[in-house]
Structure formats: structure tokens, C-alpha cells
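# Examining the three-dimensional arrangement
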Amino acid sequence: MTTTSNNNNNNNAEDLREQGNQAFKQGKFQDAIDQYTEALNLLTNLSLSETIKNELTKCYSNRSQCYINLNQYEDAIEDTTRALEYTPTDQKSLYRRATAFEHLGKLHEAISDAQRLISISPKSSSNDEQTNTLLRKLRESAQSKHTQQTQLTSQIQQMFEAINIKSNQEAALNNLLVISREDAGAEGILAYDCDLRQIKEFIQTNERITILGIIRVLASIIRNSYKRAEMVYHKLGLQLIARCLSMDDTEIPASTTILVHNMIMSICDLENCRKIQKPINVPFNFDQSVIEFINNIFRMFNELIDDKTCSAIGRDCCLDLVAKFVDRANGCNWISKFIVSGIPKVLRVAATVPNFPDNDKKSYSITEQTKMHISCVLSVVYHDLCSDKEREEFNNECIEFIKALHEKDDIQSRVRTISVLSVLLQGPFDTGNAILGSQNLVDLMLQMASSNDPIQERIAVEAIVLSASKKDKAAGIIQQGANILKNLYRSTNEDIKVLALVGLSKIASSKGTDTSTSLVAEGSCQTLSRACCKFLTTNQSFDIRRWSADGLAYLCLDADVKEELVDNLSALKALFTLCQCQDAHVLYSIITIFVNLTNTYDIKKPDKEMTELATYAKQHIPKEHPKDEKTFFDERRRKLVEAGIIPVLVQLCKHKSENCREQIARVFLGLCENEKYRGPIVAAGGAKALLPLALEGTSIGMTKATQALAKIAITTNPEIAFPGQRMLELVRPIIKLLKIEHTALENFEALMALTNLASIGESVRKRILKEDGFSNIEQYLFEEHPMLKRAAVECMCNLVVQEEIMKYFTSENDRIKLLVLLCGEEDELLIKAALGTLAVLSSLQADLEYIKDLNLEDEERKRLNDLIQNNRIICEKILDVKSFTEIFKQLCACNNPDLQFRAFYIIRNIVKTNKELGIRIVETELMDILFAIKEIKDDRLINEKNRKIASDIVELCLKYGLIQRNKDHTIKEEDETTVTN
């Protein structure tokens, strides 16, 4: 029984291997891998014999070739090594392993395998010359690599010497940075200064340029490399990194942040970890050494955040890194430890009030953004908590800190208490709101707001504004807060006045775009808007204008305010001028104004059934303002374009904030909806500016930017809008729009854009194929939506011009059949595209009569023969479709001359291929139609072009002897026996 079972399994494995071989021949490498893997699973359970060893060798070796074709060289080496364990002299495995080693740059290993292959292969073997060629190439590559390595080492040495002697130091550092971006260069730098002695000396100097340059080089070296990152971590040490992070400099802490970011990403391998599908509350599984590294890094962050000698910028950088990596969902899982050791430290910083006399001898230095960074950290921590117990611990830490401050009951403690509360309200609002109610802080806020002390008033106003952010959770304070803000608005201090104005604006706009709800008197929003515009246009103080823009950002949710603002040219120009600053908060406010004015924000329309249910239950139903309808916002967009918003948006694209870039992409997309604005956008550099937004940013931002680019590519010549390399870079983001998670409109516009791009040239079509464009486009051939299906076929029509596409249609599949069936649809534009695709596929792009006598190189002759063979396969597949004759009869006799011509063109291609296919055409009823059309002389019925191509088909059949002329010069078909013979 055991022998019989073994034989059966062996036979099954052979069958699976053969299926894998067939899949490999068809170019289906992943399918082939699956078949070989199944075969190996059967074989590994059998007792080893020579036959089994031979089968195992073949399966491993064949699977390795699949991996090579898929550029998975490490897997190929593993498989060939296993194959050689069973058959040490297997020549194919040695050759394949040498090839894989070559691709990985391991030339010494590749040469060793090639030499071994030559030593075991017979001298008369046909593979001998091929192996010698490989060996020669490998030796040349090894020699070249050695030469390059020597030159590289020499260059690195010269640059280090230049830095040491301070000769052209900046250029040397820039060159070192360029070298470090390549793996060979990064390894070369670490090999030259293997203990990082010189690098540490450079960092310990007081030379700003040297420190900054070296930090940038190190950040580049460790990017995406665990080995290099670990080496830098151990040999450089966290003490030097902390020193750079805490420096009072505008650039060094930011560059050190990138260094630490790259170090965490590489050592924790977060890029690959984040690809793993797991529950959001389950952390990544790190090794003990990695956990120790994470603990040390976060302890460093905590110490720097709480270190009063640390610079304000350095503190912001540490907070930013904590926010990025502290969570368990996508980070380093340091949440629990941070609640205990980190929360009190960040709250101490949050309690800092600049320019306020404090009992502490020295306060923390902070920037205008520090408290926003703290809010972000607290928000990340709070939203990563997965249980009520964890949230309770978090809330308790915050409450205990507030209690300790509030108990002192002096002016400093009150101000610091409300300052911390403001930070909590900006971050984890629920925690801040709970503390606001439980600790009786509302009265304290209102008392401070009436104190006539500018600092107390400012802190209180900020807290009131933030506590009123969510009207559903803070309804109690809104009315009291509004009265206090009205009083503060009468203040003679313009800083307090404008802050109160922002607070009133926020309360007034809390209804959003819902006209059925109003917390203030009718017309109040316009009144507040006019006040903001006045501050914006008449006051020279940056802070006053910044807060004015912030107030407008809230108010312009109201459609009446929008209408007034777009007509206020001086206010628009003031906003455009303010865009020149680098303050992220200000820019976000201004971009939000543009989004609101253009109505490019997301609108969630309530479900019809839910609306009816709410009406029946007498519940509140949001209503859209009449001036938010399309005719109104289209007019607002026109006025903004005339005011000069397009160059401003192009300039704003350079901003690094992902949220700002997302909002910019929204506005661009809104403007691109009108075709007449696309030209001015391209002329102002908008297409160039949008491309980085499509390649990097938030998922929504990239989608919006890509859709805007797609709209431009549809109606504008891509060679003008996206010259040179830019056109190739555009392909990837547009193909991403074809994913099923995107809307039908986004899919449709992506297909239209790709159709236009594919018509430009070979390089673009090759890029589309490289980015897996074929399969992404093909899926829409089966789409039920007629416009999506038509757009996919039109795109395919332009794509099949590329020679490499032919293999997708000549292999064993029904792609040709699908195209023929699409020719029988009712949509004439769809039929036209399907016919065009078949016409290109069935057309041999060469004059055989001219080429056959040329003296071609062997490679060119082989390529030509392949083309001829593929052309024959395509034409046979067209004829093999059962409904071909019926579909093409209707097309040949239709009234649309364009469709008729394309049908004739395909038939002529088939007949031209060879006599056998011509016979199959002659045997159909298509010849009757061709004879009739050839004889029609009335141009009103048949145009000259179609008559000519019909005559060409008939002449080809005459040439083959498939039909003959009668004595009266008419044409008749040969009888069946003649044709067959």
C-alpha cells in the first residue's frame, strides 16, 4: 500500500510540475510557482530515492527561474541551493543561481558558480559558450565594481580630509550626502570610518555647517537599512543625538529628527510591519533587542521634553517624534509607559505661559506651535487606548496634574491651570471637557476673562473658544462664553479684541453649513466677517492679521459670508499676501478659507429614507444654504480665478504640511472641474506643482491631486502639460485611481487620462505596463457601467500599439473573444474602440514583401518571426469566435462608414496573414457583402475609402486563387473542392 501511495504521489507531483511548466511558458509565473510548490509539498513527504531526488531538483530549479523572472532573487538563490543539495551537478540550477547572484551584486559568488558550471559541463555542450559568456561578463562586472569601489573610497577619503581642514567644507559635505544615498556609498562611508571616530569629532565641534551636514549624511546612510542603523545607534550613541536635538538652531534639530525617524523605522522595520494585517489593538512583535532600543529612545524623548535647557525647536521635534511612534497600532507600543512617565512631563510644558512672571526660576522655552504639538501627542495617546481602564488611567494622570495646580489658588497657578486645560481641549477633547466640568473651572475661566489683565484675558479667551468647539458637548458654556467674548471685543487691547472676535466667529460658525440651526442672530456672521476683513486689510501686525484669517476660516462656512468675501478684492489680496509667510497654522486657515469659498469640502448628504424618518420623528434635519448651490459656487470660483488665486495655490504647494497640501489639492480639483481653468493652471505651473501632491501626502490629498491631474491630462496635450520625465511620473498615481475603492468618476477620468497618455509615445506605454497598468485597465472591460467599459476599451486601443502587449493576447485566454463580442454591443463608440483594438492587434506592422529579402541580424530576424507568429495566432483567435461572422456581417453592412472601414480593415488583416485564414473568410457570408460593396459606385452609399479596402480584400482572395473572374469580368467563388485543395 505504501509503495502504491508513493507512486501515486510521485505521479501527481509530475503532473503538477508539468502544469507549472505550461503556466511558465504562458508567462504566468506566480501560477507556475503555486504548481511547483504543490508538487514539492507532495514530494517532501515521500521517502527519498533517485527518482524523487530528480523530481525535487527539477521543481526547485524551475521555481527558482520563476522567482528570477519576478525579480525575487533571494528566493531564487534559496531554491537553487536546495536543488543543488539533491543534485550537486545540476547545470540549470548552477546557471540560475549564478544569474540570481549577479542581479544581487554578489559577483564573487556568481563567478564561483559559473566556474563550477564550466568544470562539470561537457566541452561539446551547447551551454558551454553561454556559460563562458556569463563568466566573462561577471569577471568584467567584478573588475568594474572593484575599480568603482576603489574610486569611491578615494573620493570619501578626499571629502573627509576636506572637512577636517575646512577646505571647501560645504561642497564636501554635499558630495558626501549624494554618495550616501546609494547603498555602495553608504557602506563605503561606514567602512572608511568604521568606528565613527571622525564623525563623532565632527558632531562635537561647534561648526554649525559641519554638524548639520554630518547629521544629514547619517540620516541618509541609515535609511532602510537595519544593519547600518544599528551600527550608528551603538557607535554614535544617544548622548550625541540628544545634544543635536536640543540645540538652539533652526535646522540641526530638524535634521536630527529625520535621523532618529530613519533609525526607528529601520531598526523596528516599521515599513514592513505596517503591511501586516492585524487588529488595531494588537502591537507589533519586536525582538528583545529592539524593545530595549525603543525604551532608550523614548526615555531620551522624555528627558529632553522635561529639560529646561533644551531648545524650543528641539522640544517640538521630540514631541513630533513621540506623536509619530508612541502608539501600538502603527508604532512602537510605548503608550502604557508614556502615560506614567511622559504625560506629567508634557503637561508641565503645557502649563508654561510665555512672558508671564512665574515663581519658577527658569521656565521651559516653547514656540508658538509647542502646545499644538503637545495636544497632538495627547490626542494620539488617548485615541490609541483600547479599554476603559487605560482611558481611566490617562484621565487620572491629567486630573491629578490639574488638581495639584489648582490647589495653590494664586494668579500663576490659575493661569497655568487654564493653559493646560486649553491644551487638553485641543487634543483629547473628552478628557478636557470632563475636567472642565468636574473641577469647576468654568467660573475660573470667566473670572480671568473679566480680570483686565491682558495675559489672563488672552488665556481665558483661548480656553473659552476651545471649550465651545463642540456645541453638542459644551452647550452650557457657549452662552456664558459668548457674553464674555462680546465684552472682551470692546477691549482697547487689539490682541484681546481680535481673539474675542475669533471666539465669537467660532461660536457663530458652529452650525457649519446647516442653515436650519443658528446660535447667533441673523446677519451676525456677516458682521463678524466684516470686522475680520477690516483687521486683515488695515492692521500691519502679523498676529492681528493671522487671527483675523483664523476667524474668517470659521465664518466662511456661511454662504452669505462667502458671497461677501469673494467680492471684497482687498481682503482677498490681503489673504494672498499673507500666504507668503511660513506659519503652518496661518496657511492652513487661509487654505481652509479657499476650500470653503470654492465648496470643495466633503459634503455628506443624508440618506433619503433617514431624512423621511427624521421628519416623521420631528428630529433636526440639516439644510443646505441656497447660495451653496452649484451656480453660486461656480461664480465664486470664477471671481477667485480672476483675483489671481491660481499662482497663490501653486506657491502654496511647496508647503510641507500634509494637511495643508490636502486642502490645496481640493481647491485645485474644484477649479479643474471647469475645463476653461485648466489651461491657466498649466500655464501658471499648476501641473508641475500638483505632481508632488499626487505622489506623497494623505490618501485623500493624493487622490484629489491625482484626479485634478487626470482632468488636465484629458483635455490638454500631455506633452505641453507634463513635458519630459514629468509625464512618466504621472502614470503611477493615475493608475492608483483605477483601484476599486475609488469612485466611478475617478476610475473613468483615470482611464481617459491614460488613453491620452498612451497615445503620446513608447516610453509612456512602457511605464504604464511597468506599473501594472494592463491588468488595472483590463478589469474595467468587464464593468457593467457603459462609460467605464468604453473608456477601458479606448485606453486598451491606444495601449496595444506597444509590441510587448501582444503576449497578453496570444496566450491561452479569452481576451480576443471578449473584444470580438464587444463589437456586437449597441454603443457605437464602444464598438469603434473594440474594432480599433482588434485592428491594431491583427495588423502586422511590417511589409513582409520588403523585409523578407533584407539581411537582418539573427536577433532581428527572430523578432520578426515572432511578430508573424503572433499575428497569425491573433487572427485565428478572431475567427475562432463563434459569433464572429454574424457580428462582422452587421458591421460590414452598417450605415456608419467609420465602423464599416474598421471591420473591413480587420478582415483584410486576416486575409493577408495567410491563405488558410483567407479560405475561412471566403467560406463565410462576408464575401457576398464584400462583392456587393465593391460593385456599388454611388458615393452616397459607400465612400471611396471603404470601397477601396473591400476591393483589396477581393484582390487578395483572387491572388490566393480562392476566387476567380468570370468572362464578363465579374467575380465568382471557387467551388468548395477547389478551395479545399
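About the cut-offs
Residues numbered from 1 in each chain as written. Predicted model: local features only at pLDDT ≥ 70, side-chain atom pairs only at ≥ 80, totals over all residues. Heavy atoms only, no water. Helix = DSSP H or I, 4+ residues; strand = E, 2+ residues; numbered from the N terminus. Buried < 20%, exposed > 50% of the residue type's maximum accessible area, 1.4 Å probe, protein only. Contact = heavy atoms within 4.5 Å. Areas by Shrake-Rupley, 256 points an atom, 1.4 Å probe, with all protein chains shown as cover. pLDDT = per-residue confidence, 0-100. Salt bridge = Lys/Arg side-chain N within 4 Å of Asp/Glu carboxyl O. UniProt positions renumbered as here; feature names shortened; annotations may be inferred. Polar contact = N/O pair within 3.5 Å; in protein donor to acceptor, adjacent residues only side chain to side chain. Axes fitted to C-alpha atoms, helices over the stretch in contact; angles between N-to-C directions. Parallel < 35°, antiparallel > 145°, perpendicular 65-115°, else oblique. Nonpolar A, V, L, I, M, F, W, Y, C, P; charged D, E, K, R; others polar. Expected span 1.5 Å × (residues − 1). Phe/Tyr/Trp six-rings, centres within 6.5 Å; stacked < 30°, edge-to-face > 60°. Lys NZ or Arg CZ within 6 Å of the ring centre and 35° of its normal.

Going by what an unreviewed UniProt entry lists, the protein chain is known as Protein unc-45 homolog B and is assigned to Rotaria sordida.

Time to look at the overall build of the protein chain. When you go through the protein chain residue by residue, the secondary structure sums to 56 helices and two strands. Split into buried and exposed, the 981 residues of the protein chain put 51% on the buried side. Across the protein chain, every contact between residues at least 6 apart in sequence was considered, and the portion connecting residues at least 24 apart equals 68%. Split by element, the accessible area of the protein chain, about 47700 Å² in all, is 48% carbon and sulfur.

Here we come to the confidence of the model for the protein chain. As a general rule, the predicted coordinates of low-pLDDT regions are not to be interpreted in detail. The predicted model of the protein chain has a mean per-residue pLDDT of 83, with 87% of residues at 70 or higher. Confidence over residues 471-476 falls short of pLDDT 50; this stretch has ten contacts with residues more than four positions distant or in other chains. The low-confidence segment residues 512-522 (pLDDT under 50) makes 27 contacts with residues lying over four places distant or belonging to another chain.

A separate point is the environment of Gly679. Along the polypeptide, Gly679 turns up in helix 37 (residues 678-683). Overall, the relative accessible area of 39% leaves Gly679 in the partly exposed class. Spatially, the C-alpha atoms of Gly679 and Ala721 are 8.7 Å apart, while their sequence positions differ by 42 residues.

Once that is clear, we can look at the pattern of salt bridges. Tallied over the entire structure, the rule returns 43 salt bridges. A salt bridge links Glu762 to Lys766, with the shortest nitrogen-to-oxygen separation between them at 3.3 Å. Taken as a pair, Glu762 and Lys766 lie in helix 43 (residues 762-770) at a separation of four residues, close to a single helical turn. Overall, Glu762 belongs to the partly exposed group, its relative accessible area being 43%. A salt bridge links Asp952 to Lys948; its shortest N-O distance comes to 3.0 Å. Taken together, the positions of Asp952 and Lys948, both in helix 55 (residues 944-960) and four residues apart, correspond to about one turn of that helix. Lys948 gets classed as partly exposed once you look at its relative accessible area, which sits at 47%. Salt bridges sharing partners connect three or more residues here, namely Arg208, Arg216, Asp249 and Glu251.

Here we come to the UniProt feature "repeat: TPR" (unreviewed entry) in the protein chain. Under the feature "repeat: TPR" (unreviewed entry), the UniProt entry names residues 13-46, 57-90 and 91-124. For residues 13-46, the helix share is 82%, the strand share is 0%, and the end-to-end C-alpha distance is 11 Å. Here residues 57-90 runs as 79% helix and 0% strand, with 8 Å between its end C-alpha atoms.

For the rest of this paragraph, the subject is the environment of Val820. Turning to its location among the elements, Val820 is positioned in helix 47 (residues 815-822). Among the residues examined, Val820 registers a relative accessible area of 0% and is labelled buried. What Val820 contacts, discounting residues up to four positions off in sequence, is Leu838, Ile878, Val881, Phe884 and Ile887.

Okay, the environment of Arg546 next. The residue Arg546 is located in helix 29 (residues 542-555) in this model. For the pair formed by Arg546 and Asp583, sequence separation is 37 residues and the distance between their alpha carbons is 9.4 Å. Those residues in contact with Arg546, other than ones at most four positions away along the chain, are Glu368, Leu578, Asp583 and Val586. Here the side chain of Arg546 touches Glu368 through a polar contact of 2.9 Å, side chain to side chain.

For the rest of this paragraph, the subject is the packing of helix 20 (residues 370-384) against helix 21 (residues 388-406). Two elements in contact, helix 20 and helix 21, have axes whose closest approach is 9 Å; the angle formed by their N-to-C orientations is 150 degrees. As judged from the angle between their axes, helix 20 and helix 21 are roughly antiparallel. Side by side, helix 20 and helix 21 meet where Leu378, Val381 and Tyr382 of the first sit next to Arg391, Phe394 and Asn395 of the second. A breakdown of the residues in the contact of helix 20 with helix 21 according to their chemical character gives four nonpolar, one polar and one charged.

Here the focus is helix 14 (residues 252-267). Between its terminal C-alpha atoms helix 14 stretches 22 Å, which fits the 22 Å expected from 16 residues at 1.5 Å a residue. Extensive coverage of helix 14 is indicated by the burial of 13 of its 16 residues.

Quick look at unusual backbone geometry now. For Asn333, which is not a glycine, the phi torsion comes out positive at approximately 60 degrees. Its place among the elements puts Asn333 in the loop between helix 17 (312-325) and helix 18 (335-341). We classify Asn333 as partly exposed; its relative accessible area is 34%.

The subject of this paragraph is the packing of aromatic side chains. Under the defined criterion, the tally for this structure stands at 14 aromatic pairs. Where Phe160 meets Tyr192, the ring centres are 5.1 Å apart and the plane angle is 45 degrees; that geometry is what we call tilted. Placement of the pair is Phe160 in helix 7 (residues 127-165) and Tyr192 in helix 9 (residues 183-192), with a sequence separation of 32 residues. Clustering of aromatic rings is evident, with ring pairs tying together Phe160, Tyr192 and Phe202. Positioned above the aromatic ring of Tyr808, the side-chain terminus of Lys807 is 5.6 Å from the ring centre.

Position of Ser64 relative to the elements: it lies in helix 3 (residues 50-69). With residues up to four places along the chain from it excluded, the contact list for Ser64 reads Ala76, Asp79, Thr80 and Arg96.

This next bit is on helix 11 (residues 208-221). Under the 1.5 Å per step criterion, the end-to-end length of helix 11 is 20 Å for 14 residues, consistent within 8% with the ideal 20 Å. Extensive coverage of helix 11 is indicated by the burial of eleven of its 14 residues. Along helix 11, the residues that are buried comprise Thr210, Ile211, Leu212, Gly213, Ile214, Ile215, Val217, Leu218, Ala219, Ser220 and Ile221.

In this section: the packing of helix 52 (residues 897-913) against helix 53 (residues 915-922). Between helix 52 and helix 53, the least distance of the axes is 5 Å, while the angle of their chain directions is 135 degrees. Here helix 52 is positioned oblique relative to helix 53, judged by the angle of their axes. Here Ile907, Ile910, Val911 and Thr913 of helix 52 come into contact with helix 53, specifically with Leu917, Gly918 and Ile921. Its residues placed into classes, the contact of helix 52 with helix 53 shows five nonpolar, two polar and no charged.

If you trace the backbone, Asn295 turns up in helix 16 (residues 288-305). Under the relative-accessibility criterion, Asn295 is labelled buried at 11%. Not counting the four nearest positions on each side in its chain, Asn295 is found in contact with Trp334 and Lys337.

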